[in-house]
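What the coordinates show
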Amino acid sequence: MSPASTGASTAVGAATSVPSPDSADSRLTPGGPGYRRMSFALFLAGVATFALLYSTQALLPLISGEFGVTASDASWTVAAATGGLALFVLPMSALSERFGRRTVMTASLAVAVTLGLLVPFAPDLTTLVVLRAVQGAALAGLPASATAYLAEEVRPKALITAIGLFVAGNSVGGMSGRVITGWVAQEWGWRVAVGVIGALAVACAVAFRLLLPAPRHFVAGSLKPRVLAGTVRDHLSDPLLRRLYAIGALFMTVFGGVYTVIGYRLTEAPFGLPQGIVGSIFLVYLVGTVSASTAGRLVGRLGRRGALYAAGGTTAAGLLLSLADSLPLVLLGLVLITAGFFAGHAVASSAVSKTATHGRAQASALYQSAYYVGSSAGSTAGALAFHAGGWAGTVGVGLLAVLGVVAITVLGTRAARLAARGFQPCGKTA
């Protein structure tokens, strides 16, 4: 049985992890033994990853105040972390092919949480940015390894749901990190707030390692650069995967820009909210938890491209609503942006895992790399646009990114129609 038919991955090198029919039957499924432990463990990994990765985002106005820098300068504490992750996710995925998904995820979390306890002691902005970049690089072992682990250990029909739960953990981590830091910083400053997030991540990392079941379908591969380069080349030559990578990057451009700048907008006129309340705004991430975990049902009703159109339309509507100088409308806009983003991300990332027939860790790594490049670009571009044109400038950047998502999905729709007529000039369809 081929990897395409079983949903198993092929490791880098000569070894392949193609399960036999019996081993395929033993993969995890909702309601089966080990599935809940696995889901909760990866949920906690997602919480720790996003809580650490974006631990400074809600605190940017305070960081700007302490170091006397602009919003665009302070935004580098976010962009450096996501940029470090984007640069190292592919090498870390290669290590996971050789040493195992669970081993790499555990090591990555251990290094990242250690750095999380050092970040509060940064004496200046440059040191803070460097520590955040290294922390992002350490976290790179989580996203691609987690999705590859799921693709190998979970039955194909349950894959979208399982990845949706992992993405839901990301949203909870992003939300809790921002809410906690907002209230703690209001009383004790941003340094204590970041330290609290570091301690929370330590607890999540320990629980993750204790709960995650040992892999049963992983077969170690080679670390030969030539083989790895060939795998990457195969993925980048696939038109469907290229479209999915671009979609992930564009969705994250919107999200990174909006949530990097929203703290500045809400602390300034006409809102003038205190830091604790601004942090609580990130409770809207709960909407992302729901939309990510229900992405499988959305695809079932609308199809993959229909789900992407719906996610893009929801995100665009939220951006336009957020232009209002009414706090309830801004909050509703954030709800729609968050729901659309997490739904689109869950659909695109699960499609990558299902599309790749070999080197799934590398396929997922390329998606994660594009995704976090989008985050870094969105954080920087959103802050620069805000500096130049206010919130309307940030919204403009977001709308351009959504337009890109729609255009790419239209190309996928056109390719599908041509394929249905017997033509397939662009390869696989999105």
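Given the structure is predicted, the values throughout are model-derived calculations rather than measurements.

Further remarks concern the overall build of the chain. A count of helical and extended segments in the chain gives 19 helices and 0 strands. Sorting the 430 residues of the chain into buried and exposed places 59% on the buried side. In the structure as shown, the chain presents an accessible area of about 15,500 Å², 68% of it carried by carbon and sulfur atoms.

One can find S376 in helix α18 (residues 360-389). Note on S376: relative accessible area 13%, which makes it buried. Looking at S376, its side chain comes within polar contact range of the side chain of T82, at 2.6 Å. Apart from the residues within four sequence positions on either side, S376 is in contact with A79, T82 and G83.

Taken together, the side chains of W188, V192 and V196 present a nonpolar region at the surface, about 300 Å² in accessible area. For V196, a relative accessible area of 32% gives the class partly exposed.

Before going further, it helps to spend a moment on the layout of surface pockets. Estimates place the volume of the largest pocket at around 150 Å³. Forming the walls of the largest pocket are S26, R27, L28, T29, G32, P33, G34, Y149, E153, P213, A214 and R216. Of the residues that constitute the lining of the largest pocket, the class distribution is 5 nonpolar, 4 polar and 3 charged.

Counting 129 residues, the largest nonpolar core has M38, L42, I63, L150, Y259 and Y372 as its most contacted members. Residue contributions to this core peak at 16 residues, all from helix α13 (residues 239-267). Excluding anything up to four places from it in sequence, Y259 contacts Q57, F282, V284, Y285, L334 and T338.

Moving on, we come to the pattern of salt bridges. All chains considered together, the criterion is met by 3 salt bridges. A salt bridge links E66 to R191; its shortest N-O distance comes to 2.7 Å. Within this pair, whereas E66 is found in helix α4 (residues 60-67), its partner R191 is found in helix α11 (residues 190-211), the two being separated by 125 residues in sequence. For R191, a relative accessible area of 23% corresponds to the partly exposed category. Note that R101 and E152 form a salt bridge whose closest N and O atoms lie 2.4 Å from each other. Residue R101 is located in helix α7 (residues 101-118), and its partner E152 is located in helix α9 (residues 143-153); the two are separated by 51 residues in the primary sequence.

All right, on to the packing of helix α16 (residues 295-321) against helix α17 (residues 327-355) then. For the pair α16 and α17, the least separation of the axes is 7 Å and the interaxial angle reads 145 degrees. Crossing geometry of α16 relative to α17 is assigned as left-handed. Of the residues in the contact of α16 with α17, the class split is 19 nonpolar, 6 polar and 1 charged.

The next thing to look at is the packing of aromatic side chains. The tally for this structure, following the rule as stated, stands at 11 aromatic pairs. With a centroid separation of 6.1 Å and 65 degrees between ring planes, the pair formed by F67 and W190 is classed as edge-to-face. In this pair, F67 is assigned in helix α4 and W190 in helix α11, connecting sequence segments 123 residues apart. According to the relative accessible area criterion, W190 is buried, its value standing at 4%. Three or more aromatic residues joined by ring pairs form one cluster here, namely F255, Y259, F341, F342, Y367, Y371 and Y372. In this arrangement the basic side chain of R98 is found over the ring face of F99, its NZ or CZ atom lying 5.6 Å from the centre.

Once that is clear, we can look at empty space enclosed by the protein. Applying the stated rule across the entire model yields 2 cavities of 30 Å³ or more. Looking at the largest cavity, its volume works out to about 50 Å³. If you trace the largest cavity, you find it lined by G46, T49, P143, F166, N170, H345, Q368 and Y372. Those elements giving two or more residues to the lining of the largest cavity turn out to be α3 (35-53), α10 (159-188) and α18.

Its place among the elements puts H235 in helix α12 (residues 225-236). We classify H235 as buried; its relative accessible area is 2%. Those residues within four positions of H235 in sequence are excluded, and the remaining contacts are L241, Y245, A356, H358, G359, Q362, A363 and L366.

What counts and what doesn't
- Here, residues in each chain are numbered from 1, in the same order as that chain's written sequence.
- With the structure being a predicted model, the display of local features is reserved for residues of pLDDT at least 70 and the display and counting of side-chain atom pairs for 80 or more, all residues being used for whole-chain, interface and lining totals.
- Computation of side-chain values: all heavy atoms of the structure, hydrogens and water removed.
- Under the DSSP-based scheme used, a helix requires at least four consecutive residues in state H or I and a strand at least two consecutive residues in state E, with every element numbered from the N terminus.
- The classification of residues rests on relative accessible area computed with a 1.4 Å probe and restricted to protein chains. Under 20% of the type maximum is buried, over 50% is exposed, and intermediate values are partly exposed.
- Only the protein chains shown count as cover for residues, and all accessible areas are computed by the Shrake-Rupley method using a 1.4 Å probe.
- Identification of polar contacts relies on pairs of N or O atoms within 3.5 Å, with a donor-acceptor requirement for protein atoms, meaning one able to donate a hydrogen and the other able to accept it, and with residues adjacent in sequence counted only if both atoms are side-chain atoms.
- For this analysis, residues touch if any pair of their heavy atoms sits within 4.5 Å.
- Residues forming no salt bridge and having over 30% relative accessible area are the ones grouped into patches, like charges within 9 Å of each other and nonpolar side chains (Val, Leu, Ile, Met, Phe, Trp, Tyr) within 5 Å.
- The term salt bridge refers to a pairing of a side-chain nitrogen on Lys or Arg with a carboxyl oxygen on Asp or Glu at a separation within 4 Å.
- With a 1 Å grid laid over protein atoms only, a set of points is called a cavity when a 1.4 Å probe fits there but cannot get out and a pocket when it is open yet has protein on both sides within 12 Å along at least five of seven lines; lining residues have an atom within 4 Å of a point.
- Grid points are joined across faces, edges and corners, and a volume is the space filled by probe spheres set on the points.
- Charged residues are taken to be Asp, Glu, Lys and Arg, nonpolar residues to be Ala, Val, Leu, Ile, Met, Phe, Trp, Tyr, Cys and Pro, and polar residues to be all remaining types, Gly included.
- Residues belong to one nonpolar core when they are buried, are Ala, Val, Leu, Ile, Met, Phe, Trp, Tyr or Cys, and are joined through side-chain atoms within 4.5 Å.
- Every angle, taken between N-to-C directions, lies between 0 and 180 degrees, and every axis is a line fitted to C-alpha atoms, over only the stretch in contact when it is a helix.
- Handedness of a helix crossing follows the sense of rotation of the near helix relative to the far helix, less than a right angle counterclockwise being left-handed and clockwise being right-handed.
- Note on aromatic pairs: the rings of Phe, Tyr and Trp (six-membered ring only in Trp) are paired at centre separations within 6.5 Å, and the planes decide the class, stacked below 30 degrees, edge-to-face beyond 60, tilted for the rest.
- Here, a charge over a ring is recorded when the distance from Lys NZ or Arg CZ to the ring centre is within 6 Å and its angle to the ring normal is within 35 degrees.

In short, the description is geometric, and any link to function would need to be established separately.
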